[in-house]
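# Notes for the structure review
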Amino acid sequence: MIAGVHFAKRGFILPPMMTSRRSFITRTGAALAGGSLLHPVRGTADDSLTSSGERPLIVSTWPFGKAANERALETLTSGGSALDAVEQGIRLTESSGNGSVGLSGRPNAAGVVQLDACIMSGPEHRAGSVAGIEGIVHPISAARRVMEKTPHVMLVGQGARLFAIEQGLEAVNSDATTRHEAWHAARMAEQANPSTKSSGQDHDTIALLVLNADGTVAGGCSTSGLSGKLPGRVGDSPIIGSGLYVDNEVGAAGATGVGENVMRYCGTFLVVELMRQGLTPTEACTEALRRMAAKDPRGEALSVSFVALDKHGRFGAATAGQGFQFAVTTPSFSQVLTSRGLGELRRVVEGGNVR
Ligand code: ASP
């Protein structure tokens, strides 16, 4: 156990509908994945780390999510709402130059960075999103304005850009050619010296989920999407129920990875619905991936990862990929954890090592 952190033991906070949950997971086989699924990158492989029992609780994708989580927590501590926390946390990542988030993200096949983002508020079940937006520094703020200032849920392309500018959001005239050349030079350098390659080159969306002290749930997502995508391609990240879903009665889930493989299954909606049926966040993420992999020709090579949290203060993640890292933050704890992949889970199950 990490010093100074009082995490509840796994199973200590029992989910509702325990009986039906058991039979449900036995039926699907996913319960086998309900053993030790999470490994802290540092510290111990303690199952209790799947439940903080503490609020606020903030969970996000990838190691860079840790700084975003901490910004979100600061926002809450200084009186901001769950939505403010989501927006401020993601804004940090959008301007940090990390991964494929924000204007320093991956250009499309035409050398242009087109950004996707969405935000969702649990209590009123409201959502806003922008897709294929160009030259806007903080697409997450544009998504929030769509939710709060228009009767719509989603704006795309030039319309989304003009709306963001009209709302006073920071915009740049992006020089697509210069950006593409810089990006291409960096890729060439990486190929020449693979040790400089950063992790998760093409799958670096931030999805950030907040459970506030008052039980309010909110979430957001922001990305430049897959590098080299066709101009106009929209991924899962701005699609409510694919890249992000929030239900104030249940919890929230976010996705990262190959968006096409999430969109076909309404991935995060599925994760939240599985939690509604009584699965823990990790079990729900795992079961959603198992179902997707069972049907999809790519099987376990889906390259999709989910993070989730529930109203009980539990969190989790799973990946149909390898070594997916995610960040978890509470007032007394902030750490990058890594989830097991489906393939590893299957080997653990076959080896009979599941507790
Ligand atoms: N899900 C994103 C997309 O397909 C990519 C990512 O997670 O990096 O656009």
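How each quantity is defined
- Residues numbered from 1 in each chain as written.
- Predicted model: local features only at pLDDT ≥ 70, side-chain atom pairs only at ≥ 80, totals over all residues.
- Heavy atoms only, no water.
- Buried < 20%, exposed > 50% of the residue type's maximum accessible area, 1.4 Å probe, protein only.
- Helix = DSSP H or I, 4+ residues; strand = E, 2+ residues; numbered from the N terminus.
- Contact = heavy atoms within 4.5 Å.
- Near = heavy atom within 4 Å.
- Polar contact = N/O pair within 3.5 Å; in protein donor to acceptor, adjacent residues only side chain to side chain.
- Areas by Shrake-Rupley, 256 points an atom, 1.4 Å probe, with all protein chains shown as cover.
- Nonpolar A, V, L, I, M, F, W, Y, C, P; charged D, E, K, R; others polar.
- Pairing = 2+ DSSP bridges.
- pLDDT = per-residue confidence, 0-100.
- Axes fitted to C-alpha atoms, helices over the stretch in contact; angles between N-to-C directions.
- Phe/Tyr/Trp six-rings, centres within 6.5 Å; stacked < 30°, edge-to-face > 60°.
- Salt bridge = Lys/Arg side-chain N within 4 Å of Asp/Glu carboxyl O.
- Arc of directions from axis to C-beta.

Attention shifts here to helix 4 (residues 139–149). At 3.6 residues per turn, the α-helix brings residues three or four places apart onto the same side. Taken across its 11 residues, helix 4 has eight buried, putting it largely inside the fold. Turning to helix 4, its buried residues are Pro139, Ile140, Ser141, Ala142, Ala143, Arg144, Val146 and Met147. In this structure, the buried residues of helix 4 make contact with helix 3 (82–94), strand 3 (115–121), strand 4 (126–133), strand 5 (154–156), helix 5 (157–166) and strand 7 (217–223).

Its location among the elements puts Ser227 in the loop between strand 7 and strand 8 (244–247). By relative accessible area, which is 22% here, Ser227 ends up partly exposed. Sequence separation between Ser227 and Ser100 is 127 residues; the distance between their C-alpha atoms is 8.1 Å.

Glancing now at the site of the ligand. As a structural note, the neighbourhood of the ligand is formed by 14 residues, with Thr205, Arg233, Asp236, Thr256 and Gly257 the closest of them. A distance of 2.7 Å is found between an oxygen atom of the ligand and a side-chain nitrogen or oxygen belonging to Arg233. Thr256 places a side-chain nitrogen or oxygen 2.7 Å from an oxygen atom of the ligand. Here the ligand has 270 Å² of accessible area as a free molecule, and 100% of this is covered by the chains. By residue class, the composition of the shell around the ligand is two nonpolar, eight polar and four charged.

A separate point is the pairing of strand 11 (residues 315–320). Of all six residues in strand 11, six are buried; the element is thus mostly enclosed. Bridge count for strand 10 (residues 304–310) against strand 11 is six bridges, and the pairing is antiparallel. By the bridge assignment, Val307 is partnered in strand 11 with Ala317. A loop of four residues connects strand 10 with strand 11, the two strands running antiparallel in sequence, and Gly313 in this loop sits at a positive phi of about 90 degrees.

Looking now at the confidence of the model for the protein chain. Detailed conclusions should not be drawn from predicted coordinates in areas where pLDDT is low. Residue-level pLDDT values for the protein chain average 82, and 75% of them are 70 or greater. When the criterion is pLDDT under 50, residues 1–48 qualifies, and its contacts beyond four places in sequence or with other chains add up to 102 contacts. Confidence over residues 197–201 falls short of pLDDT 50; this stretch has six contacts with residues more than four positions distant or in other chains.

For the rest of this paragraph, the subject is the side chain of Thr319. Looking at the element boundaries, Thr319 is found in strand 11. Among the polar contacts made by the side chain of Thr319, one reaches the side chain of Ser305 at a distance of 2.8 Å. Thr319 has contacts with Leu289, Val304, Ser305, Phe324, Ser339, Arg340, Gly341 and Leu342, leaving out every residue within four places of it along the chain.

Moving on, we get to the sheet that holds strand 10. Spatial strand order, 8-9-10-11: four strands in an open sheet with antiparallel pairing. Of all the strands in the sheet, the pair left with one neighbour each is strand 8 and strand 11. Each adjacent strand pair in this sheet contributes to an overall mean axis angle of 10 degrees, direction not counted. Most of the contacts of helix 8 (residues 267–276) go to strand 9 (residues 251–257), to which it runs at about 145 degrees, and overall it touches strand 8, strand 9 and strand 10. Packed on one face of the sheet, helix 9 (residues 281–295) meets strand 10 and strand 11 and runs near 20 degrees to strand 11.

The next subject is the packing of aromatic side chains. Within the structure shown, the criterion is met by three aromatic pairs. On the numbers, 5.0 Å between centres and 90 degrees between planes, the contact of Trp62 with Phe324 is edge-to-face. Within this pair, whereas Trp62 is found in the loop between strand 2 (57–61) and helix 2 (65–77), its partner Phe324 is found in the loop between strand 11 and strand 12 (325–330), the two being separated by 262 residues in sequence. A single burial state applies to Trp62 and to Phe324, both of which are buried. Note on Phe324 and Phe326: the rings are 6.1 Å apart at their centroids and 15 degrees apart in plane angle, and the pair reads as stacked.

Let us now look at the pattern of salt bridges. Applying the stated criterion across every chain, the model contains 14 salt bridges. A salt bridge links Asp296 to Arg298, with the shortest nitrogen-to-oxygen separation between them at 2.5 Å. The class of Arg298 is partly exposed, set by a relative accessible area of 40%. Salt bridges here are not isolated pairs; linked through shared partners, they connect Asp84, Glu87, Arg144 and Glu148.

Turning our eyes to something else, we now look at helix 5. Listing the buried residues of helix 5 in full gives Ala160, Arg161, Phe163 and Ala164. Axial view of helix 5: buried residues confined to an arc of 165 degrees, hence all on one face. Exposed residues on helix 5 whose side chains face more than 90 degrees from its buried face are Gln158 and Glu166. Positive phi shows up at Gly168, right after helix 5, with a value of about 85 degrees.

Neither face of strand 8 is open: one carries Leu244 and Val246, the other Tyr245 and Asp247, and all of them are buried. Pairing of strand 8 with strand 9 involves four bridges; the strand directions are antiparallel. If you follow Asp247 over to strand 9, its bridge partner there is Gly251. A loop of three residues connects strand 8 with strand 9, the two strands running antiparallel in sequence.

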